[in-house]
Amino acid sequence: SSSSTDVANFTWTKFIKNIASFKGDLSSLTAPPFILSPVSLTEFSQYWSEHPDLLLAANNAGAQFEPKFDNVEYSDELNQFLFVVKWFISTLKSQYSSRNESMGSEKKPLNPFLGEVFVGKWEHKEPQGTTVCLSEQVSHHPPITAYSIFNDTNKISLQGYNQAKPTFSSAMLSVKQFGHALLKIGDFNEYLLTLPSLHIEGLIAASPYVELDGKSFIQGSFGHFAVIDFFGKGWMSGKKNSFKCKIYNSKSDYDCDEKPLFVISGQWSGISTIYTGDDEKKKKNPQEFYDASRIPAEQLQVKPIEEQTEFESRRAWKDVAAAIKEGDFNKIHQTKTVLEEAQRTLRKNEDESGNSWETRWFDLIPVDEDNRSSFMKLATLAQLSLEDVPSGTIAGSKDEAKWLKDDAFAQHWRFNRQKWDDEKDITL
Ligand SMILES: CCC(=O)OC[C@H](C)CC[C@H]1O[C@H]2C[C@H]3[C@@H]4CC=C5C[C@@H](O)CC[C@]5(C)[C@H]4CC[C@]3(C)[C@H]2[C@@H]1C
């Protein structure tokens, strides 16, 4: 008699075969229950701040970044840039490996409905106040999640949006990310962070995990520029989740192949070391930069489901999540259908009454009217495309041309703080 693992393997192999040939929208594909996650993509915004202390550390003026190297001239801005790079590296394990830790493998997240929101907070010891996380599904076709994470006491705010575009070729699932993150520290300092591309390893073995590839850029408003190269097993270092980050005074120093101020390398899911550009060749005097497994991620606080509105993710998906946890295929299908039918009715009523869905806390703004952010200034400093192309695409490159549609004009999702301040229904 076939054991349950044989059945699972059979269904999995069949599933992999039909995603390999599947050309449509992956989220419409019914995957076997064991690969389904009970968590919706709107919850992924919290992964930007599961080490909130490192996010807040970027704004405690006067703190000297450790380790400190004698042969480096530290300006306050360079010092802050190092804190920002460390915070960014600390987000990656939560973003890209947390499901492997909590559920044994990467899973297929629930596909949020339009207007789905996820909110929570991290309470800190005095005087560091509270860090708020707001996440909203601002588009369903294509799926786009916008987020805002801010701490008014510490005067730090992160906003951004994400659209993941999976493509399948020769049994490899690769994902391009659209969107970017904008970090504002105090009243002046701003940073643009672009998103890496990724692919899914371990699909055939039915224990998938995310491996990052490509590059991420961090452009600071004082000019400092970081380029982070991601690579996995089988590449130079042979270890999975590897990266090399080079920090420069400016993008032009990077372009002219100047010596970097710092080189950071290792695993974003493990240990990384930092040394100065002078020591890069001899790898002399490496100091520990970050150890991703030393301090556990700090879960944000989410109010109980009974206090949530029907727009809030964990309440809206409660029955589907329970069916997924039971592994009950029919119940998953039936509870999902209830939610999808309700959404279809909403959309139909909107079409008939002629008023389309209003996003709650975010506005879609044409790039040339975007005076709420320094995106254009920072993207120009980093010579990155302003268009709606994969995150971090170089302006004017053939990659940009490949993704530009003729009628394209760049629009980006921006947080509207006034709309949150005026919010009546959703509470933290
Ligand atoms: C549809 C094919 C299928 O179900 O295969 C199941 C496998 C688990 C692989 C497909 C799914 O893998 C998931 C990984 C998800 C990304 C993980 C992290 C992030 C970072 C976050 O900041 C934004 C979202 C993003 C990019 C997730 C997007 C969706 C991904 C690729 C899921 C795949 C459907």
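Up top is the structure.
Residues numbered from 1 in each chain as written. Predicted model: local features only at pLDDT ≥ 70, side-chain atom pairs only at ≥ 80, totals over all residues. Heavy atoms only, no water.

A. Layout of helix H6 (residues 318-326). Within H6, the full set of buried residues consists of Val 320, Ala 321, Ala 323 and Ile 324. One side of H6 holds all its buried residues, which, seen down the axis, span an arc of 160°. In this structure, the buried side of H6 is in contact with strand E1 (36-40), strand E2 (108-110) and helix H7 (329-353). Two residues or fewer after H6 comes Gly 327, characterised by a positive phi angle close to 70°. (Buried < 20%, exposed > 50% of the residue type's maximum accessible area, 1.4 Å probe, protein only. Helix = DSSP H or I, 4+ residues; strand = E, 2+ residues; numbered from the N terminus. Arc of directions from axis to C-beta. Contact = heavy atoms within 4.5 Å.)

B. Local environment of the side chain of Gln 159. Among the structural elements, Gln 159 can be located in strand E6 (residues 156-169). Classification of Gln 159 as buried rests on a relative accessible area of 14%. Of the polar contacts made by the side chain of Gln 159, one reaches the backbone nitrogen of Phe 415; its length is 2.8 Å. Setting aside anything within four residues of it in sequence, one finds Gln 159 in contact with Tyr 147, Ser 148, His 180, Ala 181, Leu 182, Trp 413, Arg 414 and Phe 415. (Polar contact = N/O pair within 3.5 Å; in protein donor to acceptor, adjacent residues only side chain to side chain.)

C. Spatial organisation of the packing of aromatic side chains. As enumerated under the stated definition, the model contains 20 aromatic pairs in all. On the numbers, 5.2 Å between centres and 70° between planes, the contact of Phe 178 with Trp 403 is edge-to-face. Pair noted here: Phe 178 is in strand E7 (residues 172-185) and Trp 403 is in helix H9 (residues 398-403), with a separation of 225 residues, a long-range link. Judged by relative accessible area, Trp 403 falls into the partly exposed class, the value being 23%. For the ring pair Trp 361 and Trp 420, a centre distance of 5.3 Å and an interplane angle of 90° mean the geometry is edge-to-face. In this pair, Trp 361 sits in the loop between H7 and strand E16 (362-366) while Trp 420 sits in helix H10 (residues 417-421), placing the two residues 59 residues apart along the sequence. Taken individually, Trp 361 and Trp 420 each receive the classification buried, so the pair is uniform in this respect. Taken together, Trp 48, Trp 87, Phe 88 and Tyr 147 form an aromatic cluster joined through their ring pairs. Here the basic side chain of Lys 165 rests over the ring of Phe 178, its NZ or CZ set 4.3 Å away from the ring centre. Stacked on the ring of Tyr 209, the Lys or Arg Lys 240 has its end atom at 4.6 Å from the ring centre. (Phe/Tyr/Trp six-rings, centres within 6.5 Å; stacked < 30°, edge-to-face > 60°. Lys NZ or Arg CZ within 6 Å of the ring centre and 35° of its normal.)

D. Structural view of the pattern of salt bridges. Counted according to the given criterion, the structure contains 22 salt bridges. One salt bridge in this structure joins Arg 99 and Glu 106, with 2.8 Å as the shortest N-O distance. For the pair Arg 99 and Glu 106, a shared accessibility class is recorded, and that class is buried. We note a salt bridge from Glu 312 to Lys 303, for which the minimum N-O separation is 2.5 Å. (Salt bridge = Lys/Arg side-chain N within 4 Å of Asp/Glu carboxyl O.)

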